[in-house]
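# Topology and contacts: notes
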There are 4 protein chains.
Amino acid sequence: MSHTLRQKEKLLARVRRIRGQMEGIERALEGGSACGEVLRQLASARGAMAGLSAELMADHLQEHVVDAATEAERRAGGQELLEVIRTYMK
Amino acid sequence: MSHTLRQKEKLLARVRRIRGQMEGIERALEGGSACGEVLRQLASARGAMAGLSAELMADHLQEHVVDAATEAERRAGGQELLEVIRTYMK
Amino acid sequence: MSHTLRQKEKLLARVRRIRGQMEGIERALEGGSACGEVLRQLASARGAMAGLSAELMADHLQEHVVDAATEAERRAGGQELLEVIRTYMK
Amino acid sequence: MSHTLRQKEKLLARVRRIRGQMEGIERALEGGSACGEVLRQLASARGAMAGLSAELMADHLQEHVVDAATEAERRAGGQELLEVIRTYMK
């Protein structure tokens, strides 16, 4: 069973929390909140996303590359991670 | 009128797009999508957030610090930006 | 006196430390060190640079924008920071 | 032959360029250059470092994990990358 399935509820909770933060930013903009408050909420959501990304990348590396069951799975998992590293890190 | 009010619809559209991306990630996890797909969607949402953050910070600097109407507004606007710089950049 | 002059020795020490880290990476590559070691040293130098950048941006904002002596200095200081925010944060 | 050995000259050139940028920042501080100029040079050095980090991580993933010659090398290479992902991405 893939880590995203095994940890599904935990990952879903984190994704929903970030979605909730974005909904909070939406309400702040709609309600005309001070710009500083919108900036703070966005910085917080960004931090949550950075943490979630790091964790998913680490689990993906472990499960779909290091512990891959077949050579084909390893190549595919490695390729997916390469794309994300090149997207994230530039 | 503050820039977040003046550009309200444009900013709301960008925030909603990121929220939509998080909802997409939620569906991908619920539907048991491949982990690589979840990673890709997260990297894309993160990029959108980085762009939105940079734009909001720049507009905040211009409007609430450089062009502040009063010394008090400048100090408050400057303080808000200092907090975000220290949160983002560490 | 500008903050970069007032804190010159402290800033120089931090810049020299990062330069020293880059020299260490150079030696590691020249000496054929394991790639993992080069990666670790680079991650560490990057962290040091992120901290230095955040501090310089915060001091610049405070001194050359919020506390600027003249309107012209404020506009120039604000413009410099806008360019860095757009470079860093995208 | 490891990728850091195979691409040694290319990697050394990039590391030396970043070192040179840090030396330039040192001279700017010593010479009392305007703070905005120091910020710009730091942002540029940071960009160069981000690019170098992404490339090294990608090459490390490919060579020491996906294409590792032995299970032991794969585990060690994977562990090194996990540490860097957790350092970089938080």
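Residues numbered from 1 in each chain as written. Chains lettered and ligands numbered in written order. Predicted model: local features only at pLDDT ≥ 70, side-chain atom pairs only at ≥ 80, totals over all residues. Heavy atoms only, no water.

Stated precisely, the cut-off is as follows: UniProt positions are given in the numbering used here, feature names are shortened, and annotations may be inferred rather than shown by experiment.
Chain A goes by Transcriptional regulator in an unreviewed UniProt entry, where it is assigned to Pseudorhodoferax aquiterrae. For the record of chain A, the UniProt heading Sequence similarities (unreviewed entry) holds the text "Belongs to the FrmR/RcnR family."

## Brief notes about the relation of the copies chain B and chain A
We count it as follows: Here the copies are superposed with least squares, the fitted atoms being C-alpha atoms of residues at a pLDDT of at least 70 in both. Contacts were defined at the residue level, with two residues in contact if any of their heavy atoms lie within 4.5 Å.
Under the fitted operation, chain B is carried onto chain A by 0.0 Å of movement along the axis and a turn of 180°, and the coordinates agree to an RMSD of 0.0 Å. In the structure described here, the two chain copies are related by an operation that fits a two-fold rotation axis. The rotation axis passes nearest to the C-alpha of B:Arg19 in chain B, at a distance of 2.8 Å. Comparing contact sets, 100% of the residues at the interface of chain B also lie at the interface in chain A, consistent with an isologous, same-surface contact.

## A short note on the side chain of A:Glu26
Where we set the bar: Helix numbering and strand numbering both begin at the N terminus, where a helix is a DSSP run of H or I of at least 4 residues and a strand a DSSP run of E of at least 2. The buried label applies to any residue whose accessible area, calculated with a 1.4 Å probe on protein chains only, is under 20% of its type's maximum; exposed applies above 50%, and partly exposed to all values in between.
Topologically, A:Glu26 is positioned in helix 2 (residues 8-30). Judged by relative accessible area, which is 8%, A:Glu26 ranks as buried. Leaving out residues up to four positions away in the same chain, A:Glu26 has contacts with B:Leu12, B:Val15, B:Arg16 and B:Arg19.

## Some thoughts on empty space enclosed by the protein
Our working definition: Any residue with an atom within 4 Å of a point lines the site, the site being either a cavity, points on a 1 Å grid over the protein atoms alone where a 1.4 Å probe fits but cannot get out, or a pocket, an open set with protein on both sides within 12 Å along at least 5 of 7 lines. Grid points are joined across faces, edges and corners, and a volume is the space filled by probe spheres set on the points. Gly is put with the polar residues, along with every residue not named as nonpolar or charged; the nonpolar set is Ala, Val, Leu, Ile, Met, Phe, Trp, Tyr, Cys and Pro, and the charged set is Asp, Glu, Lys and Arg.
Tallied over the entire structure, the rule returns one cavity of 30 Å³ or more. Reported here for the largest cavity is a volume of approximately 30 Å³. Mapped onto the lining of the largest cavity, the elements with two or more residues apiece are helix 2 (8-30) and helix 3 (35-66) of chain C together with helix 2 (8-30) and helix 3 (35-66) of chain D. Taken together, the residues that form the lining of the largest cavity break down as eight nonpolar, no polar and no charged.

## Here's the deal with the side chain of B:Glu80
Stated formally: Charge assignment in this entry is limited to Lys and Arg as positive and Asp and Glu as negative, and neither His nor the chain termini are counted. Here a salt bridge means any side-chain nitrogen of Lys or Arg lying within 4 Å of a carboxyl oxygen belonging to Asp or Glu. Whenever a nitrogen or oxygen atom comes within 3.5 Å of another N or O atom, the pair is scored as a polar contact, on the condition that within protein one atom can donate a hydrogen and the other can accept it, and that pairs from neighbouring residues in sequence are kept only if both atoms are in side chains.
Its location among the elements puts B:Glu80 in helix 4 (residues 71-89). Notably, B:Glu80 is buried but unbridged: the nearest opposite-charge side chain belongs to A:Arg40, and the N-O separation is 4.5 Å. Of the polar contacts made by the side chain of B:Glu80, one reaches the side chain of B:His60; its length is 3.5 Å. Not counting chain neighbours up to four residues away, the residues in contact with B:Glu80 comprise A:Gly36, A:Arg40 and B:His60.

## Some thoughts on the pattern of salt bridges
Scanning the model with the defined rule gives 44 salt bridges over all chains in all. Here C:Glu23 and C:Arg19 are joined by a salt bridge, their closest N and O atoms 2.9 Å apart. A residue pair is termed a helical-turn pair when its members lie 3 or 4 positions apart in one helix, as C:Glu23 and C:Arg19 do in helix 2 at four residues. Owing to a relative accessible area of 18%, C:Arg19 belongs among the buried residues under this scheme. The closest approach of N and O atoms between C:Glu71 and C:Arg75, which form a salt bridge, is 3.2 Å. Placement of both C:Glu71 and C:Arg75 in helix 4 (residues 71-89) is noted, with a separation of four residues, approximately one turn of the helix. Judged by its relative accessible area of 40%, C:Glu71 falls in the partly exposed class. Counted as one network, the salt bridges with shared partners bring together A:Arg16, A:Arg19, A:Glu23, B:Glu26 and B:Glu30.

## Regarding the interface of chain C and chain D
Quick reminder of the rule: Buried area is understood as the total, over both parts, of accessible area removed when two parts are fitted together, assessed with a 1.4 Å probe.
Of the residues lining the interface, 41 residues belong to chain C; the matching set on chain D comes to 41 residues. Here chain C packs against chain D, burying approximately 3,800 Å² in sum over the two surfaces, 74% of which is carbon and sulfur. Linking chain C to chain D there are eight salt bridges. Of the charged contacts in the structure, one is a salt bridge between C:Glu26 and D:Arg16, with a shortest N-O distance of 2.9 Å. The interface formed by chain C and chain D contains ten residue pairs in polar contact (both at pLDDT 80 or more). The leading source of residues in the side of chain C that touches chain D is helix 3 of chain C, at 17 residues. Its residues assigned to classes, the side of chain C that touches chain D shows 22 nonpolar, nine polar and ten charged.

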